[in-house]
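Breakdown of the fold
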There are 2 protein chains.
Amino acid sequence: MTTGSIRITSVTITPVAFIDPPLLNSVGVHEPFALRAIIEIATDAGLTGLGETYADEKHLAALHAAATAIVGADVYHTEEIYRRVRAIAAPETTIASGLIGQSAATDRVFSPFEVACLDIQGKAIGLPVADLLGGAVREEVPFSAYLFYKWAAHPGAQHTDDWGPALDPDGIIAQAKRMVDGYGFTALKLKGGVFPPDQEIEAVRALRGAFPNHPIRLDPNAAWTPETSISVARSLAGVLEYLEDPTPGIDGMAEVARHASMPLATNMCVVAFDHLSPAIRENAVQVILSDHHYWGGLRRSKLLAGICETFGIGLSMHSNSHLGISLAAMVQLAATVPNLTYACDTHWPWKTEDIVVGEPFTFVGGSLAVPDRPGLGVELDRDALARLHEQYLSCGLRNRDDTGYMRQVVPGYERMQPRW
Amino acid sequence: MTTGSIRITSVTITPVAFIDPPLLNSVGVHEPFALRAIIEIATDAGLTGLGETYADEKHLAALHAAATAIVGADVYHTEEIYRRVRAIAAPETTIASGLIGQSAATDRVFSPFEVACLDIQGKAIGLPVADLLGGAVREEVPFSAYLFYKWAAHPGAQHTDDWGPALDPDGIIAQAKRMVDGYGFTALKLKGGVFPPDQEIEAVRALRGAFPNHPIRLDPNAAWTPETSISVARSLAGVLEYLEDPTPGIDGMAEVARHASMPLATNMCVVAFDHLSPAIRENAVQVILSDHHYWGGLRRSKLLAGICETFGIGLSMHSNSHLGISLAAMVQLAATVPNLTYACDTHWPWKTEDIVVGEPFTFVGGSLAVPDRPGLGVELDRDALARLHEQYLSCGLRNRDDTGYMRQVVPGYERMQPRW
């Protein structure tokens, strides 16, 4: 155990690539590899901490600049670390939300460093990260099954992948059954925006028939106009637990919200603290999907949770393709949030590779137990890290481009938001 | 140093009374003694933690119920402690805000226990409480001079007290000079609502003349109608840094805010998380005076700070008559809040007695250095605690009643809000 101040001596950033199935979404299809950056912070106390984040080239460049800026800081002084990151973070354009301001850019770059600092603090104190956030209020964190339309395999592959195709209601039902049987999920989320709305309504109704007691969510990733969204909301009244990002933008969501009987959720139109004031003023969203990767780490995600509680907004948790470090961070955070009103998202079952030692997480009844080991509760598998870094180097992918990849298969495919 | 989980074994609550000068306000005059409750938490690790709060009888009863409920809890599990306090906290009526809901009542009872738990955590880790809140972003915390109209002495006293009378602009100027000379304050706050508005406008203008470079605030504690408030705001345009609680209620403040050129501040109409949504919707206040005693401790006060930042609201810090434990908690908190946009309030110079060892705080340039000792950075003086508890027992006061005390001197004096 180590106590007293602990200073950062170096930061290592390792981009990795892991095999990703051909999951379909409103802007294309997942490429054969998903990219992540693994952050390791070393300290003068000999303790190290882990973080995980995006690995697109611009983000990697910002991470490297931040890594240089934070050397010498005390791992307990995360406000000072935030200030240093803010000084070098530039506004940037993101797919989901257009131009984001400096605060939002800072939150995205800061996040993995904060997580790593909390990992170190927890190890120093001998307590899980949850205890640095007020302690767990639940022993296990519920997750929802993440159902995707998908191809049988990536183009050019010799064999179908382990999950096979899911391109119609039957395929989705089969996928859901395997998810529920294998992991015990008690809620179901369908990634939509892939097929015309009527087909996805049909799939949701089929899910309702096959799983009459599972809350069901549909997320078309802003593929629809407000009019289409309102029409789908009417068709699925009484069926959906919530409808996630049916249409782009706060104004559009507010228009849909005035007509939809179910709550509207978002991880697209409210993805930074700057978006909260207009969204709340317009009552555009009733559920926010928190994500510590872009909400500035675990403490600022707790701030978001407190804002949701204060303004009567429901809270769920967003996932993108992640490895074990981020899952650990999500679980530690979710354990401490009293008003986590919905089961969290996770891509976990889609992932066939990882960089943490052993299998620290096992879904039971769709939930994960909160690790009680010090820090995040996961350890880096250096062999796996080296292998996935090698895969990053050799795979050739440097930025996520679901649309370009789709265009290789479907010539002329265009990104459209909304599409229907 | 101690690490790993630490469990609460017992809680001691000691009501104390300390000598308070005859400070005038909109509802009467400070009684000869101010009441506080000192909280001591003992743990299985041998570490103890300190908290300080109100000591009115109803609050003391709630504290005792909470103290029983939290024994056995881990000091790192403040969310669980909050949940236990919430289970026994009842909605209550307060002078400032009428009926407050269960959340607000919970926050008031929970606060000193959370502070004591953070004190213990800091001692266990060997770091100041600020480091548990993200670390200090400033080495010293600025405070404003707190100017009061006052009598020369309490009724029946043999001699005038150390400060003498302040019942007109000359008295206020003299008091301000002593405050600025003695402590270096760089901002001035006048507690108003005592005399008709014109007299207080005159005092503020005299302050502006005598201290041309000091930001000046006026706080009549909701003594005015919206019309009077708007008239005063016009008279003092360009003079006041902010106008604090000119009129009662969120609606009234919103009306004044539409006409006032300076920001409106509050520690009366927004004193709980439930008040934030309506106040923000109406743009009723531009500055919130945070106070960890009623905002649920230090972490929830950081939540309030984050909400202020998110919604573009300025942040200052409220004070009521407090002892050294609360001052330490205020300094530790204020040190870590990036968006502390105004110097904090403190009653400190009015206080002639304390229950902490030595003199841990010395104002230099109106600011206090952030203690770098583990925990809050203050230690209980057991002799002083015993003496002030004896004073509590003998003084006969059990609830604060500025109005009743004033009525003893000015027969027929009534509490009126607004008065002018």
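Along each chain, numbering runs from 1 in the same order as the chain's sequence is written. Each chain takes a letter, starting from A, and each ligand takes a number, starting from 1, following the order in which they are written. Side-chain atom pairs in this predicted model are given and counted only at pLDDT of 80 or more, local residue features only at pLDDT of at least 70, and totals for whole chains, interfaces and linings cover all residues. Side-chain calculation: all heavy atoms of the structure are included, whereas hydrogens and water are not.

Overview of the side chain of A:Asn267
All names here are of chain A. The condition that has to hold: Here a strand is any run of E in DSSP of at least two residues, a helix any run of H or I of at least four, and the numbering for each starts at the N terminus. When a residue's accessible area, from a 1.4 Å probe over protein chains only, is under 20% of the maximum for its type it is buried; when over 50% it is exposed; and in between it is partly exposed. Residue contacts are defined here by distance: any two heavy atoms, one from each residue, within 4.5 Å place the two residues in contact.
If you trace the backbone, Asn267 turns up in the loop between β13 (264-266) and α8 (273-281). Overall, Asn267 belongs to the buried group, its relative accessible area being 8%. Residues within four places of Asn267 in sequence aside, it is in contact with Glu244, Asp245, Leu289, Tyr294 and His318.

Some details on the packing of helix α6 (residues 226-235) of chain A against helix α7 (residues 250-257) of chain A
To describe two helices that pack against each other, one gives the angle between their axes and the distance between the axes. All names here are of chain A. Note the following rule: Note on definitions: angles span 0 to 180 degrees between N-to-C directions of axes, and those axes are lines fitted to C-alpha atoms, for helices only across the stretch in contact. Definitions for this section: a left-handed crossing has its near helix turned counterclockwise from the far helix by less than a right angle. A right-handed crossing has that turn clockwise. Ten residues, namely Ala, Val, Leu, Ile, Met, Phe, Trp, Tyr, Cys and Pro, are considered nonpolar, four, namely Asp, Glu, Lys and Arg, are considered charged, and the remaining ones, Gly among them, are considered polar.
One way to put it is that α6 packs onto α7 with a least axis distance of 9 Å and a crossing angle of 35 degrees. Crossing hand, α6 versus α7: right-handed. Residues Pro226, Glu227, Ser229 and Ile230 of α6 form the contact with α7, whose participating residues are Gly252, Glu255 and Val256. When grouped by side-chain class, the residues that make up the contact of α6 with α7 number 3 nonpolar, 2 polar and 2 charged.

Some words on the packing of helix α3 (residues 102-125) of chain B against helix α9 (residues 297-310) of chain B
All names here are of chain B. Cut-off, in case you're wondering: Geometric relationships in this document are graded by angle, where less than 35 degrees denotes roughly parallel, more than 145 denotes roughly antiparallel, 65 to 115 denotes roughly perpendicular, and other angles denote oblique.
Taken N-terminus to C-terminus, the directions of α3 and α9 make an angle of 110 degrees; their axes are 6 Å apart at the nearest point. Between α3 and α9, the angle falls in the class roughly perpendicular. Across the interface between the two elements, Asp107, Ser111, Glu114, Val115, Leu118 and Gln121 of α3 pack against Gly297, Leu298, Arg299 and Arg300 of α9. Residues that form the contact of α3 with α9 fall into these classes: 3 nonpolar, 3 polar and 4 charged.

Things to note about the sheet that holds β13(A)
Across a sheet, paired strands are connected by hydrogen bonds in the backbone, their directions being either parallel or antiparallel. Residue and element names in this part refer to chain A. Note the threshold: Strand pairing is defined by DSSP finding a minimum of two bridges between the two strands.
Strand order in the open sheet made by the 7 strands is β9-β10-β11-β12-β13-β14-β15, with parallel pairing throughout. At either end of the open sheet lies a strand with only one pairing partner, and these are β9 (145-148) and β15 (314-317). On average, each strand axis in the sheet is inclined to that of its neighbour by 25 degrees, with strand direction left out of account. In this structure, strand β12 (residues 240-244) lies alongside β13, joined through 2 bridges in parallel fashion. The residue of β13 that forms the bridge with Leu243 is Leu264.

So, the sheet that holds strand β1 (residues 8-19) of chain B
Residues and elements named next belong to chain B. Sheet architecture is open: 3 strands sit in the order β1-β4-β5, paired in antiparallel fashion. Strand pairing shows two members of the sheet lacking a second neighbour, β1 and β5 (48-53), which therefore form its edges. Shown here is a sheet whose adjacent strand axes are inclined to one another by a mean of 20 degrees, direction ignored. Bridge analysis of strand β4 (residues 33-43) against β5 gives 6 bridges, and the strand direction is antiparallel. Directly across from Ala37, in β5, lies its bridge partner Thr53. Relative to the sheet, helix α11 (residues 382-395) contacts β1 and β4, its axis offset from that of β1 by approximately 65 degrees.

Points about the pairing of β15(A)
Residues and elements named next belong to chain A. We apply this condition: Classification remark: right-handed applies to a crossover when, strands pointing away from the viewer, the course from the first strand over the helix to the second runs clockwise.
A two-sided burial pattern is seen for β15, the buried positions comprising Gly314 and Ser316 on one face and Leu315 and Met317 on the other. Inspection of the sheet shows strand β14 (residues 287-290) paired to β15 by 4 bridges, in the parallel sense. Within the sheet, the bridge partner assigned to Ile288 lies in β15 and is Leu315. For the segment spanning β14, helix α9 (residues 297-310) and β15, crossover handedness is right-handed.

Considerations on the relation of the copies chain A and chain B
Going by this rule: Each copy is superposed on the other by least squares, with the fit set by C-alpha atoms of residues at a pLDDT of at least 70 in both.
Note on the copies: chain A fits chain B at an RMSD of 0.0 Å, the axial shift is 0.0 Å, and the rotation between them is 180 degrees. The superposition operator between the copies reduces to a two-fold rotation axis. Considering only C-alpha atoms, the residue of chain A closest to the rotation axis is A:Leu303, which sits at 2.8 Å. Taken together, the interface assignments show that 100% of the residues at the interface of chain A recur at the interface of chain B, consistent with an identical surface on both copies.

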